[in-house]
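Inside the fold
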Amino acid sequence: MRTILVANIKGGSGKTTLATNIAGWVAGRRRSVALQDEDPQGSTTQWLARRPALFPKIGIFPVGTSKKEAREQNIDWRVIDSPAGIHGDTLRALIKQADLLLVPLSPSAFDMEATQLFLDTIMERKAVRAQKLAVGIVAMRVDARTRSAAELDEFLYGFDFPLLTHLRDTQVYVQCARDGLTVFDLPPSRGTQDWEQWKPILHWLSTNAS
Ligand SMILES: Nc1ncnc2c1ncn2[C@@H]1O[C@H](COP(=O)(O)OP(=O)(O)OP(=O)(O)O)[C@@H](O)[C@H]1O
Ligand SMILES: [Mg+2]
């Protein structure tokens, strides 16, 4: 079992969107996957409750499920969604559970400032320095034509963590969130453009799958 933690101290950065879409991708490949919603807001849990039964199945682990307990469920992937504002012992405890950490980040000064502090904290973790925890960054809601998109790339250039991809700003994610779906559940006519942008994340997940 591999555990992916999706985290950023910044609220609204795209954590739940990333977590649910990753779970949808894994499920679509007929691998077993469960979401663990560590956010008291419960957005992931509510999304899962909206998921139509016809789509690839995604399980759920209760808050606080440990690595050992998760392993006993014989699941291939566990995806943990985390709350905004996460820091200190709570962050440390979740990082301890994780094999991979994905950090979503939107192109705004507020997000970049908060994320800078977050990434600095992450860098201090022994597991990160020993390269036991793979860390990747995903730029969310990016309109490639804007100045802020370029500023985001410049900002990330200074970090040791790879920027895996940009996901465009599109209502497709908002509609999927509403309907309990992911971009991977859509027909090619609606999904192709976003699948292209996801390819580097999927490659990163696959190369860190064992
Ligand atoms: N690429 C995108 N294009 C358009 N809207 C997006 C995109 N990614 C996320 N959103 C929307 O942005 C909002 C915030 O995203 P999300 O809920 O995933 O963030 P979050 O980090 O989980 O927030 P919170 O800190 O409140 O848990 C949601 O309404 C979501 O549908
Ligand atoms: Mg969320």
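Heads up: these notes are all about the structure in this document. (Residues numbered from 1 in each chain as written. Chains lettered and ligands numbered in written order. Predicted model: local features only at pLDDT ≥ 70, side-chain atom pairs only at ≥ 80, totals over all residues. Heavy atoms only, no water.)

This part covers the packing of aromatic side chains. Going through the model one piece at a time under the given rule, you end up with two aromatic pairs. With centroids separated by 5.1 Å and ring planes inclined at 65 degrees, the aromatic side chains of Phe 155 and Phe 159 adopt a geometry described as edge-to-face. Each member of the pair Phe 155 and Phe 159 is classed as buried. Here Phe 184 and Trp 198 contribute two aromatic rings whose centre-to-centre distance is 5.2 Å and whose plane-to-plane angle is 85 degrees, an arrangement assigned as edge-to-face. Taken together, the residues span a long stretch of sequence, with Phe 184 in the loop between helix 8 (171–179) and helix 9 (188–207) and Trp 198 in helix 9 at a distance of 14 residues. (Phe/Tyr/Trp six-rings, centres within 6.5 Å; stacked < 30°, edge-to-face > 60°. Buried < 20%, exposed > 50% of the residue type's maximum accessible area, 1.4 Å probe, protein only. Helix = DSSP H or I, 4+ residues; strand = E, 2+ residues; numbered from the N terminus.)

The strand order across the open sheet built from seven strands is 3-2-4-1-5-6-7, with neighbouring strands paired in parallel fashion. In the strand order of this sheet, the two ends are held by strand 3 (59–61) and strand 7 (163–168), each with one partner. Pairs of neighbouring strands in the sheet enclose a mean axial angle of 25 degrees, with direction left out of account. As defined by bridge partners, strand 1 (residues 2–6) adjoins strand 4 (residues 77–81) across five bridges and the pair is classed as parallel. Residue pairing across strands places Arg 2 opposite Trp 77, the latter belonging to strand 4. Strands strand 5 (100–105), strand 6 (134–142) and strand 7 of the sheet are contacted by helix 7 (residues 147–157), whose axis makes an angle of about 165 degrees with strand 6. (Pairing = 2+ DSSP bridges. Axes fitted to C-alpha atoms, helices over the stretch in contact; angles between N-to-C directions. Contact = heavy atoms within 4.5 Å.)

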